[in-house]
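Take a look at the letters that make up each chain.
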Amino acid sequence: HGARDADASIRLTDSDAAIARLSAVQKGYIHDPYITHFVPRAHLQHPRPPLINVGTFVRGTAIDDLVDQWLVTVGRLGRQCQIVSMGAGSDTRFWRVATGTHKDALATYVEIDFPEITTKKAMAIRKSKELNGVLGTSPSDIRVNHGGTAIHAPKYHLLPADLRLPPATTLGNLLATSDGAGGSAILSPSLPTLLLFECVLVYMEPSSSDDVLRWFVEYFSPQETPLGALVYEMFGLGDSFGKVMVNNLKSRNVSLPGAEPYPTLETLPRRFLNTGFNGARALTLREIRRSCISAEELERLSTLEMLDEVEELDLVLEHYAVTWGLLAPAPGVQVSWGG
Ligand code: SAM
């Protein structure tokens with residue numbers, strides 16, 4: 001039971017993420033018309049503290065920027081791209097990308113999470129016209145599979161998997177066909193692909209995370225096309241503030257086997273360099289807020305809510321980082337990303 005309870009605690013972190021996002025939407029920090037559909041009615045009025053809202057804003061803005069840059073870059077190459085979100089939870093990015101400025105650059109979007117989470121998400125999608133309308137225009141465009149745990153649509157696939165299991169069997173089988181009957185693979189090995197890991201690797205042993213990254217590197221070799229990956233996570237948890245964060249989670253039965261391998265900003269890029277990527281960078285949310293958010297935006301944020309704890313804000317923001325890696329193809333294709 002211990003392991004099962006521990007997994008249930010990990011899954012609960014998805015509701016936290018969705019509630020935090022909804023809070024930031026309701027307070028005017030970010031725009032996301034889709035998130036309400038994924039938050040249980042009982043939690044629709046759960047405002048989070050200003051500090052959390054600012055964090056949600058900075059993280060969201062940074063990741064939106066990198067994803068947009070990716071779509072623009074592949075668009076310039078005259079290509080469409082695939083996006084795969086691991087531990088996607090209640091994330092709404094697919095709907096935002098599929099209705100956004102760069103929607104034409106999107107070929108396929110795949111979301112993977114535990115079956116309990118994908119079942120909930122599949123139900124929310126089936127219930128909401130606003131959500132399923134983006135997946136397809138006719139009901140036959142949307143197929144529910146694997147006992148309600150999976151959805152297949154022309155550009156969207158929701159798939160159940162435990163990412164800690166050997167990827168060759170789990171990811172390999174799931175991505176092999178979209179109909180389980182010998183149809184074509186969900187992911188084309190020849191399209192530019194972006195992997196997203198938002199708040200998920202920290203719950204896995206580093207060896208499992210590395211296996212997932214290596215599996216994708218292998219899948220897309222011999223790298224005729226760029227492979228990008230982006231990780232958002234807490235780090236530097238050895239100091240007193242970090243220990244408070246870890247103990248908070250521990251008190252909710254959430255353990256963090258993946259919190260230690262890259263304890264500093266300088267070591268974070270190694271996650272990618274060690275698994276076959278050929279370039280990587282990392283920035284803390286603190287640095288991103290300082291140098292990547294415009295003065296106008298910061299000014300706008302300051303009018304939304306009173307934020308007293310400016311020092312505490314920096315302390316929180318410097319324990320979160322966005323790290324992105326690139327596996328650029330052999331000579332011929334120039335790719336720059338996240339400049
Ligand atoms: N990525 C989403 C976001 O940023 O809003 C959700 C983040 S939530 C904190 C972590 C998610 O990772 C949960 O939905 C959880 O179920 C999923 N997750 C954690 N470990 C996993 C595993 N071993 N396999 C599949 N999903 C996992």
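Below you will find a few notes about this structure.

Structural notes on the layout of surface pockets
Roughly 480 Å³ of volume is contained in the second largest pocket. Lining the second largest pocket are 20 residues, with H37, F38, V39, P40 and K127 sitting closest to its centre. For the lining of the second largest pocket, the secondary-structure elements that each account for two or more residues are α1 (2-26) and α4 (115-127). Looking at the lining of the second largest pocket residue by residue, the class counts come to 8 nonpolar, 7 polar and 5 charged.

Observations regarding the site of the ligand
Around the ligand, the surrounding shell holds 20 residues, and the nearest of these are R59, G87, D113, L163 and E198. Within the side chain of R59, one N or O atom sits 2.4 Å away from an oxygen atom of the ligand. In the environment of the ligand, an oxygen atom lies 2.6 Å from a nitrogen or oxygen atom belonging to the side chain of D113. Protein coverage of the free-state accessible area of the ligand, which is 580 Å², stands at 96%. Element by element, the count of residues in the shell around the ligand is highest for α1, at 5 residues. For the shell around the ligand, the class distribution of residues is 10 nonpolar, 3 polar and 7 charged.

Considering the pairing of strand β2 (residues 106-113)
Summarising burial for β2: 8 of the 8 residues are buried, a large majority. In this sheet, β2 lies alongside strand β1 (residues 81-86) in parallel orientation, the contact comprising 6 bridges. Looking at β2, one finds that I83 is bridged to Y109. Alignment of β2 against strand β5 (residues 156-160), held across 5 bridges, turns out to be parallel.

Looking at the nonpolar core
I83, W95, I125, Y156, L256 and V322 are the most contacted members of the largest nonpolar core, which totals 65 residues. A per-element tally of this core places helix α2 (residues 50-76) first, with 11 residues.

Comments concerning the packing of aromatic side chains
All chains considered together, the criterion is met by 10 aromatic pairs. With centroids separated by 4.7 Å and ring planes inclined at 40 degrees, the aromatic side chains of F94 and Y156 adopt a geometry described as tilted. In this pair, F94 sits in helix α3 (residues 93-98) while Y156 sits in strand β5, placing the two residues 62 residues apart along the sequence. Across the pair, exposure class does not vary: F94 and Y156 are buried alike. Measuring from centroid to centroid gives 5.7 Å for Y232 and Y320, while their planes differ by 10 degrees, and the two rings are stacked. Taken together, the residues Y232 in strand β7 (residues 227-234) and Y320 in strand β9 (residues 320-327) connect sequence positions 88 residues apart. The residues Y232 and Y320 share a single accessibility class, namely buried. A connected cluster of aromatic rings, assembled from ring pairs, spans F38, F94, W95, Y109 and Y156. A cation over a ring is seen here: R11 above F114, with NZ or CZ 5.3 Å from the ring centre. Residue placement shows K121 over the ring face of F38; its charged tip is 5.2 Å from the ring centre.

Re the state of the cysteines
A full pass over the atoms with the stated rule returns 0 disulfides. Of the cysteine sulfurs around C292, a residue in no disulfide, the closest is that of C199, at 18 Å. For C292, a relative accessible area of 42% puts it in the partly exposed group.

Concerning the sheet that holds strand β8 (residues 279-284)
Strand pairing in a sheet is mediated by backbone hydrogen bonds. Such pairs are either parallel or antiparallel. Ordered in space as β3-β4-β5-β2-β1-β6-β7-β9-β8, the 9 strands form an open sheet in which the pairing is mixed. Since the sheet does not close on itself, it has two edges, and those belong to β3 (143-145) and β8, each with one partner. Adjacent strand axes in the sheet meet at a mean angle of 15 degrees when their direction is disregarded. The sheet strands contacting helix α7 (residues 206-220) are β1, β6 (193-198), β7 and β9, and the helix crosses β6 at an angle near 175 degrees.

Digging into empty space enclosed by the protein
In the structure shown here, the tally under the stated rule is 1 cavity of 30 Å³ or more. Taken as a whole, the largest cavity holds about 40 Å³ of empty space. E233, M234, F235, G258, A259, P261, Y262, L268 and R271 are the residues that line the largest cavity. Class assignment for the residues of the lining of the largest cavity results in 6 nonpolar, 1 polar and 2 charged.

Parameters at a glance
Residues numbered from 1 in each chain as written. Predicted model: local features only at pLDDT ≥ 70, side-chain atom pairs only at ≥ 80, totals over all residues. Heavy atoms only, no water. 1 Å grid on protein atoms, 1.4 Å probe; cavity = no way out; pocket = protein on both sides within 12 Å on 5 of 7 lines; lining within 4 Å. Points joined across faces, edges and corners; volume = space filled by probe spheres on them. Helix = DSSP H or I, 4+ residues; strand = E, 2+ residues; numbered from the N terminus. Nonpolar A, V, L, I, M, F, W, Y, C, P; charged D, E, K, R; others polar. Near = heavy atom within 4 Å. Polar contact = N/O pair within 3.5 Å; in protein donor to acceptor, adjacent residues only side chain to side chain. Areas by Shrake-Rupley, 256 points an atom, 1.4 Å probe, with all protein chains shown as cover. Buried < 20%, exposed > 50% of the residue type's maximum accessible area, 1.4 Å probe, protein only. Pairing = 2+ DSSP bridges. Core = buried A, V, L, I, M, F, W, Y, C linked by side-chain atoms within 4.5 Å. Phe/Tyr/Trp six-rings, centres within 6.5 Å; stacked < 30°, edge-to-face > 60°. Lys NZ or Arg CZ within 6 Å of the ring centre and 35° of its normal. Disulfide = S-S within 2.5 Å. Axes fitted to C-alpha atoms, helices over the stretch in contact; angles between N-to-C directions. Contact = heavy atoms within 4.5 Å.

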